[in-house]
Amino acid sequence: MRFESKGARPTRIGGAELKSGLTFGHLKLVSRIGKGGMGDVWKALDSTRDAHVALKFLPAEIQDSPREMRRVQQTFKAVQALQHPHICPVYFLEEFSGFGHVLGMKFIEGVTLLEYRDQYVDQHGSFPVEEVVRVLRPVAEALDYAHNPGVIHPEVTKAVVHRDIKPENVLVSPDGRGVQIVDFGLVEQVRMSLTRVSKVEMDSAGTRLYMAPEQWRGQFQDGRTDQYALAVVAYELLADRLPFEVADPFQLRECVLNEPVEPLPDVPKHVNTALQRGLAKSREERFPSCSELIGAMGGLSAAAAQSGQSASRPAESDSNLADQVRSVQSRVDAAHQEARRLADESSDYAGAVSRLDEIPGHLREQAFYESLVEKRDRTAELESEIREAVS
């Protein structure tokens, strides 16, 4: 699903050996392309779609348990309902004679987030805050979409928490414009099901280095759990290291639960402030949404502070001003979502989205520096500008 693997070792599913050229049902295996939380991942040609897909084979232990199969199928239905330009679509969970249940999803040509970072550094010498914000903004938007059923899109009726956000689960297109999250929810359900049926302890709540305190404690998890992992990813992209780099899992748990995260040098103060909040030990102390974390890293709070010194505006209380700005921003964000919908219908979808991603920071900066009356009058113009960007 991510990159080709040379000299892939043979794999057996049931009594069949998986190898290039093997055909079953409407699928023809092309090559083994990696290994993930559900085992080997294969690239295959799907004759019903006339396109390549990525395949994962469900472990036999789960298929032998009707209760765990129901759980996996319920999770699959919830994930399949997610229709977002930055979430990798899952197509089917289908049973094939001799192979069992097979999960099929979109095949993405791309590299992992850390591989993209390395390529960018080779070309530009560093990976600046602006690029971190640009590449993580669509990830945050996709997570917020999944975390808020019925709010952003009415057809999504169940909140889905990824629980395993990490650089390997974020794929970036070769040109750096397209970003998609993979393994949304399903891998974690498979891990938990395997733990229950095998009675063997597994990392059933995520990848340890990116796990939030509530995951280590086995407590309730929600969208703010994904936000913690996203903050870890952002920290890693900026520092080229993790907040806590400890090999021993017990020491790592102690650090995550009790030790403060070291601020990053050579980054603006508002970036460290945002990261510290996103990495808070308590869910309640984090941002309400992932987009607010990335927005704060992009300097929205700094812009608001500067507006009091450099902008001419009516003399109003700070709380009233903040309410007015939030109101205008919510209208701009709504227009942004509508623009994404229009982009989805555009023939030049990738180009439209890439241009659209450059707009919000510009609009927000204007929103802070214009007077309140001008903000209200300007909203309609901003909506028009967004639509023009994707036409």
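Residues numbered from 1 in each chain as written. Predicted model: local features only at pLDDT ≥ 70, side-chain atom pairs only at ≥ 80, totals over all residues. Heavy atoms only, no water.

### Details of helix 7 (residues 223-239)
Piece 1. Relative to the 24 Å expected for 17 residues at 1.5 Å per residue, helix 7 spans 24 Å between its end C-alpha atoms, a close match to the ideal helical length.
Piece 2. At the exit of helix 7 stands Asp-240, carrying a positive phi of roughly 60°. (Helix = DSSP H or I, 4+ residues; strand = E, 2+ residues; numbered from the N terminus. Expected span 1.5 Å × (residues − 1).)

### Some points on the sheet that holds strand 9 (residues 111-112)
Piece 1. On the basis of which strands lie adjacent, the open sheet formed by three strands has the order 9-10-11 and antiparallel pairing. Lying at the two open borders of the sheet, with one neighbouring strand each, are strand 9 and strand 11 (179-181). (Pairing = 2+ DSSP bridges.)

### Concerning helix 10 (residues 290-297)
Piece 1. Here helix 10 lies mainly inside the structure; six of its eight residues are buried.
Piece 2. Buried within helix 10 are the following residues: Cys-290, Leu-293, Ile-294, Gly-295, Ala-296 and Met-297.
Piece 3. Immediately beyond the C-terminal end of helix 10, within one or two residues, lies Gly-299, with a positive phi of roughly 100°. (Buried < 20%, exposed > 50% of the residue type's maximum accessible area, 1.4 Å probe, protein only.)

### Some details on the environment of Ile-62
Piece 1. Residue placement: Ile-62 occurs in helix 1 (residues 60-63).
Piece 2. C-alpha separation for the pair Ile-62 and Ser-193, spaced 131 residues apart in sequence, amounts to 6.6 Å.
Piece 3. Once residues lying within four places of it in the same chain are set aside, the contact partners of Ile-62 are Glu-68, Met-69, Val-72, Val-190, Ser-193 and Leu-194. (Contact = heavy atoms within 4.5 Å.)

### Focus on the pairing of strand 7 (residues 90-96)
Piece 1. Here strand 7 pairs with strand 8 (residues 100-106) via six bridges, running antiparallel. For Phe-92, the partnering residue across the bridge sits in strand 8 and is Gly-104.
Piece 2. In sequence, strand 7 turns back onto strand 8 through a hairpin of three residues, with Gly-98 there showing a positive phi of about 90°.

### Focus on the pairing of strand 8
Look at any regular strand and the pattern is simple: side chains alternate between the two faces of the sheet.
Piece 1. Across the seven residues of strand 8, six count as buried, placing the element largely inside the fold.
Piece 2. Both strand 6 (residues 51-57) and strand 8 contribute to a ladder of five bridges, which runs antiparallel. Residue pairing across strands places Ala-54 opposite Met-105, the latter belonging to strand 8.

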